[in-house]
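Next come the chains, spelled out residue by residue.
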Amino acid sequence: MSRPELIKKEIFDIAEYVPGKSIEEIASAYGLGPASIIKLGSNENPLGPSPRAVQALMDTAPFANIYPSADAIELREALAKYTGFPVSNLIASGPGMDGLLDGLCRLVIEKGDEVIVPTPTFAYYELPARACGGKPVFVRRSQDFSIDPEKLLEAASSKTKIIFLCSPNNPSGNLLPEKDLRKVLENTRALVFVDEAYVEFADRNLAELVREYDNLVVGRTFSKVFGLAGLRLGYGIMPEWLAKEYIRAATPFSVSLPALKAGIAALSDVEHRKKSVEIAREGRKYLKERIPFKVYPSQANFVLVDVAPLKSKAVTQSLMKKGIIVRSCDSFRDAGDTLIRVTAGTLKQNEKVVRAFETAKKEV
């Protein structure tokens, strides 16, 4: 017997989040051996985690009965060295950056408030806002996936509490120009959240503006360049006044002890990070030059492919039958039905992807 009347009605407005396909799903669907499948649909690090992070996990395992520090102070101190910001501007979050988004919405969103989301972009932004009684206001990006600051500001109202931006944007890979961010920051009383999940692969970042603006929050993650997606670890860079209030409202112990220790170890491994960035930059260049469809320029560890006049679902299925997992973007709001996101893998993986796209172009 179910009791839906107990659930907040806002929850029923939430569209189910659609993750990338798993190796197990594809192996079962197409009768393939899991070892033969390459997963390039979730923007994971093909090099895996730093060996130092793996060692930290093993070293921490015997202490799984001990609570971590409530505010992850050790990790925040390591992040202070990595980012150049003081601990008072830093928040560690679990699970992942999604936990940071949940925490911010819980802190500022009340029933009837609004958040602005330029689409297409990462789908999760609207979920915590809706769960807190907020209403997403969607503003469509330009054809090249850039944002128009004027349109964003026109969409804002006295009810707007958060404006969500993503740089590099997921799934398009383009950066947000600093001048556009400044224009938004200077013309709104809302918080402006900039998602920099992929920033290590890019030529520049926007975090330094936190020193100038008291309404800017930058979110980052250990899931991409650090290869710790399975540990669900993120962090935020924000003004000191907001960090203080965030900690007051945050769930204590949200960062597990293994994640905390592995995160610190990963930050210390400069060589692994450099190799991860290098393989991503080389990979996206290789894919852009060789995939036989339109490929958008990217500053992330993935590329966006437009397979028109073919449909993304058909091409994605063709690749999956060959054991290659990529992401059809038809589940992204306003992305249409011809876009596919492809993670940059190893050279061998990228070669296989290009051949599969060549075959799909002829056969689909």
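All residue numbers here refer to positions counted from 1 along the written sequence of the relevant chain. Totals for whole chains, interfaces and linings use all residues, but because this is a predicted model, local features are given only for residues with pLDDT of at least 70 and pairs of side-chain atoms are given and counted only at 80 or more. Where side-chain values are given, they derive from all heavy atoms of the structure, hydrogens and water being excluded.

**Some details on the sheet that holds strand β12 (residues 327-328)**
Piece 1. Spatial ordering of the open sheet is given by β9-β10-β13-β12, a layout of 4 strands whose pairing is antiparallel. Edge positions in the sheet fall to β9 (294-295) and β12, since each of these pairs with one other strand and no more.
Piece 2. Two elements, β9 and strand β10 (residues 302-306), share 2 bridges in a ladder whose sense is antiparallel. When the sheet's bridge partners are listed, Lys 294 is paired in β10 with Asp 306. Two strands make a pair as long as DSSP finds a minimum of two bridges between them. Here a helix means four or more residues in a row that DSSP labels H or I, a strand means two or more in a row labelled E, and each is numbered from the N terminus.

**Some remarks on the environment of Asn 170**
Piece 1. Summarising the element assignment, Asn 170 is placed in the loop between β5 (160-166) and α7 (178-186).
Piece 2. Only protein chains enter the accessibility calculation, which uses a 1.4 Å probe; a residue is then buried when its area is under 20% of its type maximum, exposed when over 50%, and partly exposed in between. With relative accessibility at 5%, the residue Asn 170 sits in the buried group.
Piece 3. Sequence spacing of Asn 170 and Val 199 is 29 residues, and the spatial spacing of their C-alpha atoms is 11 Å.
Piece 4. Note on contacts: a residue pair is in contact if any heavy atoms of the two residues lie within 4.5 Å. Beyond its immediate sequence surroundings of up to four residues, Asn 170 is in contact with Asn 43, Pro 120, Thr 121, Phe 122, Tyr 198, Phe 302, Phe 332 and Arg 341.
Piece 5. There is a polar contact of 2.8 Å between the side chain of Asn 170 and the side chain of Arg 341. In the analysis that follows, any N or O atom pair within 3.5 Å is treated as a polar contact, provided that within protein one partner can donate a hydrogen and the other can accept it, and provided that, for residues neighboring in sequence, both atoms belong to side chains.

**Observations regarding the UniProt feature "modified residue: N6-(pyridoxal phosphate)lysine" (unreviewed entry) in the protein**
Piece 1. If you check UniProt for "modified residue: N6-(pyridoxal phosphate)lysine" (unreviewed entry), the listed places come out as Lys 224 in our numbering.
Piece 2. Within the secondary structure, Lys 224 is located in the loop between β7 (216-221) and β8 (234-237).
Piece 3. Here Lys 224 is in contact with Ser 42, Asn 43, Asn 45, Ala 197, Tyr 198 and Phe 201, once residues within four sequence places are set aside. UniProt positions are given in the numbering used here, feature names are shortened, and annotations may be inferred rather than shown by experiment.

**Focus: the packing of helix α11 (residues 312-321) against helix α12 (residues 347-363)**
Piece 1. What counts as an axis is a line fitted to C-alpha atoms, over the stretch in contact for a helix, and the angles between N-to-C directions run from 0 to 180 degrees. Contact geometry of α11 with α12 gives a least axis separation of 10 Å together with a crossing angle of 125°. Considering their axes alone, α11 and α12 lie oblique with respect to each other. You can see that α11 and α12 cross each other, and the crossing is right-handed. Residues Val 315, Ser 318 and Leu 319 of α11 form the contact with α12, whose own contacting residues are Ala 356, Phe 357 and Ala 360.
Piece 2. When residue character is reported, Ala, Val, Leu, Ile, Met, Phe, Trp, Tyr, Cys and Pro are called nonpolar, Asp, Glu, Lys and Arg charged, and the others, Gly included, polar. Along the lines of polarity and charge, the residues of the contact of α11 with α12 split into 5 nonpolar, 1 polar and no charged. Roughly parallel here means an angle under 35 degrees, roughly antiparallel means over 145, roughly perpendicular means 65 to 115, and every remaining angle is called oblique. For a crossing to be left-handed, the near helix must be turned anticlockwise from the far one by less than a right angle; the clockwise case is right-handed.

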